[in-house]
Structures are given as structure tokens and as C-alpha cells.
Amino acid sequence: MMKFKYLLLCSLFFVLTLFSLPTSSLATNTSNRYIALHDRLLAFEKEEVRLENAQIMVPFEKMARYLYADIQKSDEQITITKNATSISYNFISSETTINQEIIPGNTMKIIDDILYIPIRLLGESTGFKVDYLSDILTVRLYTNHYPHMSHPQFIQELKKQRKEIPLPKPTTPADPSKPIVYLTFDDGPNRYTSEHLNIMKKFNVKGTFFFVGNQIASYKSLTQLTYKEGHTLALHSMTHDRNKVYASAQAFVNEMKKETEMIQSLTGFKPTLVRTPYGSKPYVTSAMRGLLKQEGYKLWDWDVDTLDWQVNEANFQQIIARVKTGVEKARRAKDQHIVILLHDRVQTTKALPGIISWLQQQGYSIQPYKAEMHVPQNFWHDPEL
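The structure reproduced in this document is the subject of the present report. Predicted model only: the values in this text are computed from it and were never measured. (Residues numbered from 1 in each chain as written. Predicted model: local features only at pLDDT ≥ 70, side-chain atom pairs only at ≥ 80, totals over all residues. Heavy atoms only, no water.)

1. A closer look at the sheet that holds strand E9 (residues 96–98)
Then, in step 1: Taken in spatial order, the 5 strands make up an open sheet running E6-E7-E8-E9-E10, and their pairing is antiparallel. Each edge of the open sheet is held by one strand with a lone partner, namely strand E6 (70–73) and strand E10 (101–103). With direction set aside, neighbouring strand axes in the sheet form an average angle of 20°.
Then, in step 2: By the bridge criterion, 4 bridges tie E6 to strand E7 (residues 77–82) in an arrangement that is antiparallel. Bridging from a neighbouring strand, isoleucine 71 pairs with isoleucine 80 of E7. (Pairing = 2+ DSSP bridges. Helix = DSSP H or I, 4+ residues; strand = E, 2+ residues; numbered from the N terminus. Axes fitted to C-alpha atoms, helices over the stretch in contact; angles between N-to-C directions.)

Here's what the structure looks like:
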């Protein structure tokens, strides 16, 4: 049985060239190809999907997170486990193993300090079907155990989505008579955070990300990237567990302090802005507010609640409509600083290009939170927070 599995894995390695591109060079290049999982296009930068010896390769650890694989990593080795299959790479010997069987050849490779794996090897060895859709230049991973569109339907839907997403237009000067708008994102970091970073980079805007501490542990590099790209990191508690966060005033502030230390150790930046789970009212008591002030924190709620968390992905236009209505209502009320509540979720990803495009067309200035320019924005109307 082990011999059969070994031969099967060897055969798998030799068919990797299915995803070849017309080229006379075997050098490493960006592939200009996309990666999809079931019905979703994954967020990879152009330079992240590589062509190495006629194989399409992706970052091993990042792709493993998209597959919800278990990841174990040490200085010597990284192992991911998915569907009872373990794939390992030894940094010392440069060997790739699948279920402890060594795979011959240079299957995984470190490129620009990132470990890459052929997408077909990763997909098929963990139980996925892997097809190349030439019409949309996309490698698609899927399984019959999970509902998904047919290839023709997926191709048609993706082409339609690409037409719907507004392309960034040249930035025009913001109207100084209009309020500043803050795009804030709760519940990250997660796989949608990276997609939001990519969208905002295209529109040349920055946001404020209220991360959950327990998730930062699984997305350390994404946390660092968010800060590196000029966005503001803020606190959304360690656990996002209502019973734990609001158990007592000390438990409440300890959640924020622990997350502060985590972010500061990763980025060198000490966040001071807090958004509490489910909003500050009625959960945050006067004792909790007092401890926040004592520890030097500030508290933000929001002006515009998009309710994006309860919108179906197919109805993402509702999120855009709520932003338009809410922002205009706040402007008419003479609010000079408008905070929009969003979440790192798929429906928000689909709505975000339309939100940013509309705000820019209307002359609103989109800014990240800056501690030195703090504006009180909490449901308790506490000017000290």
C-alpha cells in the first residue's frame, strides 16, 4: 500500500507541467495567473503567483490558510495538514514529504524568502480537483463534497464581476467643505483582510483595522503587512467573547492590554484606539471607561452601520446603498468626521470598490485614524475618550 502511494505521488509530481505557459525560459517569473477555490477568486498579488520550470506555484503557508489547513512551524520545518494528508518541507535538507514519504525532485522552493509549492501538488494531494481555466487564466481548486458552480458558470460569473467592479480613477482633490470619512474594519485579521488591503492599494486609500487578538496569532505576517502599508491598527479585544470581555472592568482592560502587547511586539506600533465587541453601549460600564482613560486608550464606535455582516454575498449592493444613505445623512447633520463600520467578510470585499469609488467621486477625503488627531466618537458622548 505504501509503495502504491509512493508511486502515485511520484506520478503526480510529473504531471505538474499541465499548467505550463508558452515560454522559452525556465527562470522564475510572475505567472500573470489567478488562483480560485470553489467559487471564490483568492487574493494573491500578481508577483505572488509564480512560474517555476513551467509549473504554477503559490506561497505554501498562505495557500494553506485559504484551505483552512492546520499549520505547524519550527525553525527546521513547516507542516500543513488537510484531509488527513500532511505535507512538510524541511528548511535544512530542502526535502518535501507527503505523509512522511519523500517526494523526489525540487518540488518546493524558496523564492524571495517565501516558500512556494506547485499548486497542483498541494491541491491534489489534499483531496482537491485542480483544473486550469484558460478563458480566465485561473487555476481552480474544488471538491464535489462542497457545493460549487460548474466551470462555465464560474467563468461567466467572474467575467461579470470584473465588469461590475469600478476601476480606480485618477484621484481628484477632496472637497474641503465635506467631512473626513474613516473606513473601519472589524473582526480581522482573516483571509478577507488581505483582499481589502489589495483593493485599498488600488484606490490609494488607507483604513483603520480593529483586529481580534486571538486571530493575530494565526495571521502575524498579515498584521505586519497591514501596518507596513500605512493602515492604522486598532484593538477589538483578545477574544471577542462577550462573556469574557465584559466579565469585569479589569478583565475588560486586560483584553485590550494583552492585544496591545501582541501588536506592539509584531510591528513596534502601540495601538491606543479601542472598539469594543458589539459596540460600547450598553456593555461598557463607567468603571471600564475609567480604566480605559487610566491606561491611555481612546474609544470609537461609529456613525454609519452598514450591517454588512447580515447581508448575503449576492446582495452586496445593499452595503453600498447604506454607505451612501448614512454618509449623506451624517453630512447633513454637520458631522465633520464620519466613521463607517465594516467587517472583514466576503460581502464587504465585493462592496468595497463601489464604496470607495462613490466616496471619491463625491469629494470625500478618506483617512485612517491618527492618534495625534483624535476625534471623540463613542456612544457615551464622553469627550475624554
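Resuming the write-up.
2. Topic: the sheet that holds strand E3 (residues 40–41)
Then, in step 1: Strand order in the open sheet formed by 4 strands is E3-E2-E14-E13, and the pairing between neighbours is mixed. Two strands lie at the open edges of the sheet, namely E3 and strand E13 (129–133), each paired on one side alone.
Then, in step 2: Pairing of E13 with strand E14 (residues 138–142) involves 5 bridges; the strand directions are antiparallel. Looking at E14, one finds that tyrosine 132 is bridged to valine 139.

3. Notes on helix H9 (residues 249–267)
In an α-helix, one turn spans 3.6 residues; hence positions three or four apart end up facing the same way.
Then, in step 1: When the terminal C-alpha atoms of H9 are compared, their 27 Å separation across 19 residues agrees well with the 27 Å that a helix rising 1.5 Å per residue should span.
Then, in step 2: Taken together, the buried positions of H9 are occupied by Ala249, Phe252, Val253, Glu255, Met256, Glu259, Thr260, Ile263 and Thr267. Projected down its long axis, H9 carries its buried residues within an arc of 145°, all on one side. Relative to its buried face, H9 has exposed residues pointing more than 90 degrees away, namely Lys258, Glu261 and Ser265.
Then, in step 3: Remark: glycine 268 follows H9 within two positions and exhibits a positive phi of approximately 85°. (Expected span 1.5 Å × (residues − 1). Buried < 20%, exposed > 50% of the residue type's maximum accessible area, 1.4 Å probe, protein only. Arc of directions from axis to C-beta.)

4. Focus on the pattern of salt bridges
Then, in step 1: For the structure shown, the criterion picks out 14 salt bridges.
Then, in step 2: A salt bridge links glutamate 61 to lysine 73; its shortest N-O distance comes to 3.1 Å. Here the residue glutamate 61 occupies a position in helix H2 (residues 60–66), and lysine 73 occupies one in strand E6, the gap between them amounting to 12 residues.
Then, in step 3: Overall, the relative accessible area of 23% leaves glutamate 61 in the partly exposed class. (Salt bridge = Lys/Arg side-chain N within 4 Å of Asp/Glu carboxyl O.)

5. Things to note about the nonpolar core
Then, in step 1: Core analysis: the biggest nonpolar cluster contains 49 residues, and Leu183, Val327, Ile340, Ile355, Ile356 and Leu359 have the highest contact counts within it.
Then, in step 2: Considering each element in turn, this core owes the most residues, 6 residues, to helix H12 (residues 346–361).
Then, in step 3: With sequence-adjacent residues up to four places away left out, isoleucine 340 is seen in contact with Val181, Tyr182, Leu183, Thr184, Val304, Thr306, Val323, Val327 and Leu359.
Then, in step 4: Counting residues in each nonpolar core, the second largest holds 30 residues, with Leu42, Tyr66, Ile119 and Phe128 among its members. (Core = buried A, V, L, I, M, F, W, Y, C linked by side-chain atoms within 4.5 Å. Contact = heavy atoms within 4.5 Å.)

6. Notes on H12
Then, in step 1: Spanning 16 residues, H12 covers 24 Å between terminal C-alpha atoms, matching the ideal 22 Å at 1.5 Å per step.
Then, in step 2: For H12, the principal kink sits at leucine 352 and spans about 35°; a proline, proline 353, occurs within the next four residues.
Then, in step 3: With 14 of 16 residues buried, H12 is to be regarded as a mostly interior element.
Then, in step 4: Looking one or two residues past H12, glycine 363 carries a phi angle of roughly 85°, positive in sign. (Bend = angle between axes of the 7 residues up to and from the residue.)

7. Quick notes on the side chain of threonine 85
Then, in step 1: Summarising the element assignment, threonine 85 is placed in strand E8 (residues 85–90).
Then, in step 2: Taking relative accessible area as the criterion, threonine 85 reaches 10% and is therefore assigned buried.
Then, in step 3: Reaching out from threonine 85, the side chain makes a polar contact with the backbone oxygen of serine 125 at a distance of 3.1 Å.
Then, in step 4: Leaving out residues up to four positions away in the same chain, threonine 85 has contacts with Ile80, Ile98, Asn99, Ser125 and Thr126. (Polar contact = N/O pair within 3.5 Å; in protein donor to acceptor, adjacent residues only side chain to side chain.)

8. Here we look at the environment of valine 339
Then, in step 1: On the secondary structure map, valine 339 appears in strand E21 (residues 337–343).
Then, in step 2: According to the relative accessible area criterion, valine 339 is buried, its value standing at 1%.
Then, in step 3: Sequence separation between valine 339 and valine 327 is 12 residues; the distance between their C-alpha atoms is 8.8 Å.
Then, in step 4: Filtering out sequence-adjacent residues up to four positions away, valine 339 remains in contact with Tyr182, Thr184, Arg275, Trp300, Asp301, Trp302, Asp303, Val304 and Gln377.

9. Here's the deal with the environment of glycine 213
Then, in step 1: Here glycine 213 lies in helix H6 (residues 213–216).
Then, in step 2: By relative accessible area, which is 0% here, glycine 213 ends up buried.
Then, in step 3: Taking the C-alpha atoms as reference points, glycine 213 and methionine 262, separated by 49 residues in sequence, lie 7.4 Å from one another.
Then, in step 4: Beyond its immediate stretch of four places on either side in the chain, glycine 213 contacts Ser237, Met238, Glu259 and Met262.

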